[in-house]
Amino acid sequence: MWIYEKKLQYPVRVSKCDPQMAKFLLEQYGGADGELAAALRYLNQRYTIPDKVIGLLTDIGTEEFAHLEMIATMVYKLTKDATPEQMRAVGLGDQYVQHDRALFYSNSSGVPWTAAYIQAKGDPIADLYEDIAAEEKARATYQWLIDITDDVDLQDSLKFLREREVIHSQRFREAVEMVKADQEQKRFF
Ligand SMILES: [Fe+2]
């Protein structure tokens, strides 16, 4: 069960209409290392992970949906005043023809999101290492997004998201150690 809070986890401000940047940000919306993939990966893994890690996956998976909402807000704000010509000029012509300005789960190249991006191996160590890798890739993508824009308002929100990925990675690393310690203990008895 979830309880929805009607506010963003962190404010999203953009300085200007910038459909080019919106296109880049789609990588974190419907891309392989994006927020949708992260949320669905963690929430799905909960059913076969040791009990003491379930809460962590629920917490982080839920937070990823809050990040997805922030990315959606960014894309919406960056494109809402763009003309069809501007959309076309930055390579969003296909997106416009298919969806107008509605959001759609695709990556920055326009490739639709697929469940093949995520794994559920059933082995807690394998799954948690995938989660750590996912967080590190998301952190790196946020860094490239920060580097590619000169919009300081947008950079501020992206820096918040980048820092959350660092925290998530650390927490997954701690979870690996907890699971390994449990497995070691079982070998003794
Ligand atoms: Fe994350």
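Heads up: the structure comes first, above all this text.
Values in this document were obtained by computation on a predicted structure and should not be read as measured data.

Chemist: So what's going on with unusual backbone geometry? Residues and values would help.
Modeler: Of note in the backbone geometry, Asp100 takes a positive phi value of approximately 55° without being a glycine. By secondary structure assignment, the location of Asp100 is in the loop between helix H6 (93-99) and helix H7 (124-148).

Chemist: Now, about the coordination of the iron ion: what can you tell me, with residues and values included?
Modeler: For the iron ion, every protein donor is listed as Glu64 (OE), Glu135 (OE), Glu135 (OE), Glu165 (OE) and His168 (ND1), and the spread of their distances is 2.1 to 2.7 Å. Between the donor residues of the iron ion, the gaps in sequence give the motif E-x70-E-x29-E-x2-H. Of this pair, Glu165 and His168 both sit in helix H8 (residues 152-188), 3 residues apart, roughly one helical turn. Taken as a pair, Glu165 and His168 share a single burial class, namely buried.

Chemist: Talk me through the packing of helix H3 (residues 35-45) against helix H4 (residues 51-79); I want residue IDs and the actual numbers.
Modeler: Between H3 and H4, the shortest axis-to-axis distance is 8 Å and the interhelical angle comes to 160°. With respect to H4, the element H3 is oriented roughly antiparallel. Seen along the crossing, H3 lies across H4 with a hand that is left-handed. Mapping the contact onto sequence places Glu35, Leu36, Ala38, Ala39, Leu40, Tyr42, Leu43 and Gln45 in H3 and Leu57, Thr58, Ile60, Gly61, Thr62, Glu64, Phe65, His67, Leu68 and Ile71 in H4. Of the residues contributing to the contact of H3 with H4, the split by class is 11 nonpolar, 5 polar and 2 charged.

Criteria and thresholds
Residues numbered from 1 in each chain as written. Predicted model: local features only at pLDDT ≥ 70, side-chain atom pairs only at ≥ 80, totals over all residues. Heavy atoms only, no water. Helix = DSSP H or I, 4+ residues; strand = E, 2+ residues; numbered from the N terminus. Donors = N, O, S within 2.8 Å, 3.2 Å for Na, K, Ca; no water. Buried < 20%, exposed > 50% of the residue type's maximum accessible area, 1.4 Å probe, protein only. Axes fitted to C-alpha atoms, helices over the stretch in contact; angles between N-to-C directions. Parallel < 35°, antiparallel > 145°, perpendicular 65-115°, else oblique. Left-handed = near helix turned anticlockwise from the far one by under 90°. Contact = heavy atoms within 4.5 Å. Nonpolar A, V, L, I, M, F, W, Y, C, P; charged D, E, K, R; others polar.

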